[in-house]
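# Residue-level structure breakdown
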Amino acid sequence: MILQVDNPVVEVHDLTVSYDRKPVLWGIDLTLPAGALVGVIGPNGAGKSTLIKAMMSLLPISSGYVRIFDQPLKQVYNRISYVPQRESVDWDFPASVFDVVLMGRYGNMGLFKRPRKADKDAAMEALEKVGMQSFANRQISQLSGGQQQRVFLARALAQNADIYFMDEPFAGVDIATETAIIQLLRQMRDQGKTVIVVHHDLQSASEYFDWVVLLNMRLVASGPTDKVLTQELLEQTYGGKLTLLSKVGDLLRRQEFPARETKVK
Amino acid sequence: MNAFWIILTGSLVATCCSLLGCYLILRRMAMVGDAISHAVLPGIVIAFLLTGSRDSVPMLIGAGLLGVLTTFLIEFFHRYARVQADAAIGVTFTWLFAIGIILISVFAGQVDLDQDCVLYGEIAYVPLDLWITESGLSMGPRTVWTLSITTLLIILFIVLGYKELFLTTFDPAFAAAIGISTSLWYYLLMTAVSLTTVASFESVGAILVVAFLVAPPATAYLLTDNFKVMLVLSVLLGILASVGGYYLAVWLDGSIAGAIATVTGMEFLLAILFSPSRGLLIRRKQLQPV
C-alpha cells in the first residue's frame, strides 16, 4: 500500500543508495503530505536513517532524485532542519547548551555574520519550548541523555524551518522527555510544519504518527497510519519475526506489571 | 635584542599553531597536523627548484598545495581504499616526506635545504637573516615578517569563519543539512595548517610545529569548557612556552626549539594534575542532580 499525494512536501523518486556498491535502499518512490507527523518505521538495518539522510543529500545517491517543496534541495536549505542521532557528536566538546542551540541560527545568518540579538532571542525561546532555559549556560557534557535530546530539538526549533528530519529522537530518553517531545512535535504539526521521524518502537507508532512509512530496504508501505499499520504490512516489513517479537513483548509486559507492584511494596 | 626576536618568532608560531590545533584536536585529527608538517617538504623543494630562490611566496604555494594533497590522499585511502585513518596518515606522510628527502639529495647541488633543518629548525638563527631594504634600512628578521603576516591571516580566517568552523567541527552532519559545506571548511582548515607549517618550519622545524599544534590546545582543553576561552588560553600557553623555553635553553645552553617543546609538555602535565575540573589531583566537582 503505497499512497502518493498531490502537492507533496517531499518527493522521492526511484531512490537507490548503496554503501560499498551494496545497495541498502532500493527504488524508493514516495511522496509525503504537508503538515503531517510522519514515522519512518522498520527493523534494524532497514535503511531508515539512510533514507532521511539521502533525502537531505547527506549521502551520495546511486540513482533517483529527491525534491523538497517541489524544488531541488540546494534551494531550500534554510527551510530544512535536522535532528541527528544523539550519539553522532562528541558531548565532551567545549560548548554550552546555548552555544549548541545557537547553531540552529547559523544557516539563516549567512557567511561571516555574527549572531545578533534576534538570533539569541530565538535560541532562548527554543530552549524555553523544550523546558531547558535554566540550562542555557550548562556545559553540554553535564547533560543526561534526555536533556541532550532536548538540546538537539531546541537547536532545530531555533532554526524555524518548515520541514524537520529527526533521527531516532526517542531513543534512550526518559518517559518525561518522550512525552514532552511528542507534544512539541504535535504543536509543530498543528502549525503546518512537516516532521519526519525515524522511529523503532511499534507500540507507540500508531499513537504518535499521522502518516507511516514502512521500510525494509525496499518501500513496503507509505500512507495514513490506520491503513498502514496492519498485521499484514507489518509482517511484510519485519518478516516472520514480528509475531514472535510481539508475543515476547506481550509476555514481558504482563509479567512486568505485577513484578513492579511487589517491588514497591 | 636577539632574545626579543627569538621569543617573538616562537610566540608567532605558537599563536597560529595553537589556534588551528584547537580545531584539529576536537576533530580528532591532531596527527593530520603532524602529517602535513612533514609532507609539505616535497612541495617546498619543488617550489625551490622551479623558482631557484628561497622566496617565501612560491614556497608557501608549493607547500600549501602539498598540504591539501596530503589531506586528499589521507581521505582517499581512508574512504575508498578502506584503510584505517591512522594507517592512511602514516603511509601518506612518510611517503611524501621521503620523496622530499630524495629530491633534496638528488638535487643536492642546487638545493640550499637541509633535512635536519626541516625537522629541528634553528630558531637561534632567526635574528641573523635580516630583511634589509635597498636603501640599507634594516627591517628586522625576515622570518618575523613572514610569520606576522601568516598569523594575521590565520586570525582573520578564524574570526571570519568562526561559526562555520565551530559548527563543522562539532556536528558536520547538521552543518551539511543546513547547507554549510563541510568539505570546503575542512580543506580551508587544512590549507591554513599547511601555510602555518611552511611559514614556521624554517625557523622552528616540523617537530616544534607539531608540539604547538597539539600540546597547548590539549592543555587548554583540560582547563576550560568554553571554546572561545580554549582558543585564547591555548595561545597564551603557547606564548608562555616560547618565553619559558627560551630562558630554559639559555640556562641549559641547549636547543631552543627543544626547550620550548619541553615546556609545552610540562604545561600539559601540570594541567593533567591540577586542572580545576578534570585534574587528577583535584577532586572532581560533584554534579548536582537536576
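Residues numbered from 1 in each chain as written. Chains lettered and ligands numbered in written order. Predicted model: local features only at pLDDT ≥ 70, side-chain atom pairs only at ≥ 80, totals over all residues.

### Description of the overall build of chain A
Our working rule: A helix here means a DSSP run of H or I that spans at least four residues, while a strand means a run of E at least two residues long, and both kinds are numbered starting from the N terminus. Radius of gyration: over C-alpha atoms. The globule rule applied is 2.2 Å multiplied by the number of residues raised to the 0.38 power. Whether a residue is buried, exposed or partly exposed follows from its count of other C-beta atoms within 10 Å of its own C-beta, namely 20 or more, 12 or fewer, or something in between, respectively; the C-beta atoms are built from the backbone.
For chain A, the count of helices and strands is ten helices and ten strands. Compactness check: chain A gives a C-alpha radius of gyration of 19 Å against a globular reference of 18 Å for 265 residues, within 12% of the reference. The principal-axis extents of the C-alpha atoms in chain A amount to approximately 60 × 55 × 40 Å. Going through the 265 residues of chain A one by one, you find that 41% of them count as buried.

### Thoughts on the sheet that holds strand 4 (residues 63-68) of chain A
Residues and elements named next belong to chain A. This is how the line gets drawn: Pairing between two strands requires that DSSP report at least two bridges joining them.
Taking strand neighbours across the sheet as the criterion, the four strands line up as 2-1-4-5 in an open arrangement whose pairing is antiparallel. Two strands close off the open sheet at either side, each with one partner strand: strand 2 (22-32) and strand 5 (71-72). As defined by bridge partners, strand 4 adjoins strand 5 across two bridges and the pair is classed as antiparallel. Across the sheet, Arg67 pairs through a bridge with Pro72, a residue of strand 5.

### Here we look at the nonpolar core
Test applied: By definition, a nonpolar core groups buried Ala, Val, Leu, Ile, Met, Phe, Trp, Tyr and Cys residues that connect through C-beta atoms lying within 7 Å of each other. Throughout, a pair of residues is in contact if the C-beta atoms placed from their backbones lie within 7 Å.
Core analysis: the biggest nonpolar cluster contains 168 residues, and Val38 and Val101 of chain A together with Leu20 of chain B have the highest contact counts within it. It is helix 10 (residues 182-223) of chain B that provides the largest number of residues to this core, a total of 24 residues. Excluding residues that lie within four positions of it along the chain, Val101 of chain A makes contacts with Ala123, Ala126, Leu127, Val151, Ala154, Arg155 and Ala158 of chain A.

### Some details on helix 8 (residues 162-170) of chain B
Of all the nine residues making up helix 8 of chain B, seven are buried; the element is thus mostly covered by neighbouring parts of the structure. Regarding helix 8 of chain B, the residues found buried are Lys163, Leu165, Phe166, Leu167, Thr168, Thr169 and Phe170 of chain B. In the core, the buried residues of helix 8 of chain B are packed alongside helix 3 (106-109) of chain A together with helix 1 (2-26), helix 7 (142-160), helix 9 (172-177), helix 10 and helix 11 (227-252) of chain B.

### Quick word on the packing of helix 1 of chain B against helix 7 of chain B
Residues and elements named next belong to chain B. Just so we agree on the cut-off: Angles here are taken between N-to-C directions and fall from 0 to 180 degrees, while the axes themselves are lines fitted to C-alpha atoms, restricted in helices to the stretch in contact. The cut-offs work like this: below 35 degrees is roughly parallel, past 145 is roughly antiparallel, 65 to 115 is roughly perpendicular, and the gaps in between are oblique. Crossing chirality is assigned from the near helix's rotation relative to the far helix, an anticlockwise turn below a right angle marking it left-handed and a clockwise turn marking it right-handed. All amino acids are sorted into three groups, where Ala, Val, Leu, Ile, Met, Phe, Trp, Tyr, Cys and Pro are nonpolar, Asp, Glu, Lys and Arg are charged, and the leftover types, Gly among them, are polar.
It is the contact of helix 1 with helix 7, at a shortest axis distance of 9 Å, that shows an interaxial angle of 25 degrees. The angle between helix 1 and helix 7 places the two elements in the roughly parallel class. The chirality of how helix 1 crosses helix 7 is left-handed. Touching Trp5, Leu8, Thr9, Leu12, Val13, Thr15, Cys16, Leu19 and Leu20 of helix 1 are Thr143, Val144, Leu147, Ser148, Thr150, Thr151, Ile154 and Ile158, all from helix 7. Class assignment for the residues of the contact of helix 1 with helix 7 results in eleven nonpolar, six polar and no charged.

### Let's talk about the confidence of the model for chain B
We count it as follows: Note on scores: pLDDT gives the predictor's confidence for each residue, bounded by 0 and 100.
Considering every residue of chain B, the mean pLDDT works out to 85; 91% of them sit at 70 or more. In the model of chain B, helix 6 (residues 115-120) of chain B stands out as the element of lowest mean pLDDT, 64, in contrast to helix 11 of chain B, which has the highest, 94.

### A closer look at the environment of Ala211 of chain B
Residue and element names in this part refer to chain B. Inspection of the secondary structure assignment puts Ala211 in helix 10. Measuring from C-alpha to C-alpha, the distance between Ala211 and Val263 comes to 10.0 Å, with 52 residues separating the pair along the chain. Excluding anything up to four places from it in sequence, Ala211 contacts Ala261 and Thr264.

### So, the environment of Asp190 of chain A
Residue and element names in this part refer to chain A. As for its placement among the helices and strands, Asp190 is situated in helix 6 (residues 175-190). Judged by the 10 C-beta atoms lying within 10 Å of it, Asp190 is exposed. The spatial distance from the C-alpha of Asp190 to the C-alpha of Ala221 is 24 Å, given a sequence separation of 31 residues.

### Observations regarding the pairing of strand 3 (residues 37-41) of chain A
All names here are of chain A. In terms of burial, strand 3 is a largely internal element, five of the five residues being buried. Because side chains alternate across strand 3, one face comprises the buried residues Leu37, Gly39 and Ile41, and the other comprises Val38 and Val40, equally buried. Bridging between strand 3 and strand 8 (residues 194-199) involves five bridges; their strand directions are parallel. Within the sheet, the bridge partner assigned to Leu37 lies in strand 8 and is Val195. Taken together, the four bridges between strand 3 and strand 9 (residues 211-216) define a ladder with parallel strand orientation.

### Here we look at the interface of chain A and chain B
The interface of chain A with chain B comprises 19 residues on the first partner and 20 residues on the second. Those elements that provide at least two residues to the side of chain A that touches chain B are strand 6 (80-83) and helix 3 of chain A. When the residues that make up the side of chain A that touches chain B are grouped by side-chain class, the tally is 13 nonpolar, six polar and no charged.

### Topic: the sheet that holds strand 3 of chain A
Residues and elements named next belong to chain A. Taking strand neighbours across the sheet as the criterion, the six strands line up as 6-7-8-3-9-10 in an open arrangement whose pairing is mixed. Sheet topology places strand 6 and strand 10 (218-224) at the edges, where each strand pairs with a single neighbour. Strand after strand, the sheet turns through a mean of 15 degrees between neighbouring axes, direction not considered. Most of the contacts of helix 5 (residues 145-159) go to strand 6, to which it runs at about 175 degrees, and overall it touches strand 6 and strand 7 (163-167).

### With respect to the packing of helix 2 (residues 30-39) of chain B against helix 5 (residues 85-106) of chain B
Residue and element names in this part refer to chain B. Helix 5 packs onto helix 2 with a crossing angle of 15 degrees between their chain directions and a minimal axis gap of 8 Å. With respect to helix 5, the element helix 2 is oriented roughly parallel. Of the two elements, helix 2 crosses helix 5, and the hand of that crossing is left-handed. Contacts between helix 2 and helix 5 involve Met31, Val32, Ala35, His38 and Ala39 from the first element and Asp86, Ile89, Thr92, Phe93, Leu96 and Phe97 from the second. Taken together, the residues of the contact of helix 2 with helix 5 break down into eight nonpolar, two polar and one charged.

### Regarding helix 9 (residues 231-238) of chain A
All names here are of chain A. We count it as follows: Comment: arc refers to directions from the helix axis out to C-beta atoms.
Of the residues making up helix 9, those classed as buried are Leu234, Thr237 and Tyr238. The buried side chains of helix 9 occupy one side of the element, clustering within an arc of 80 degrees when seen end-on. Two residues or fewer after helix 9 comes Gly239, characterised by a positive phi angle close to 70 degrees.

### Focus on the environment of Thr262 of chain B
Residue and element names in this part refer to chain B. If you trace the backbone, Thr262 turns up in helix 12 (residues 256-274). In sequence terms Thr262 and Leu248 are 14 residues apart; their C-alpha atoms lie 9.4 Å from each other. With near-sequence residues (within four places) excluded, Thr262 lies in contact with Gly245 and Leu248.

### A few points about the pairing of strand 2 of chain A
Residues and elements named next belong to chain A. Sheet analysis places strand 1 (residues 10-19) next to strand 2, joined by seven bridges and oriented antiparallel. Bridging from a neighbouring strand, Leu15 pairs with Ile28 of strand 2. Counting the residues in the hairpin turn of strand 1 and strand 2 gives two residues, including Asp20, whose phi is positive at 55 degrees.

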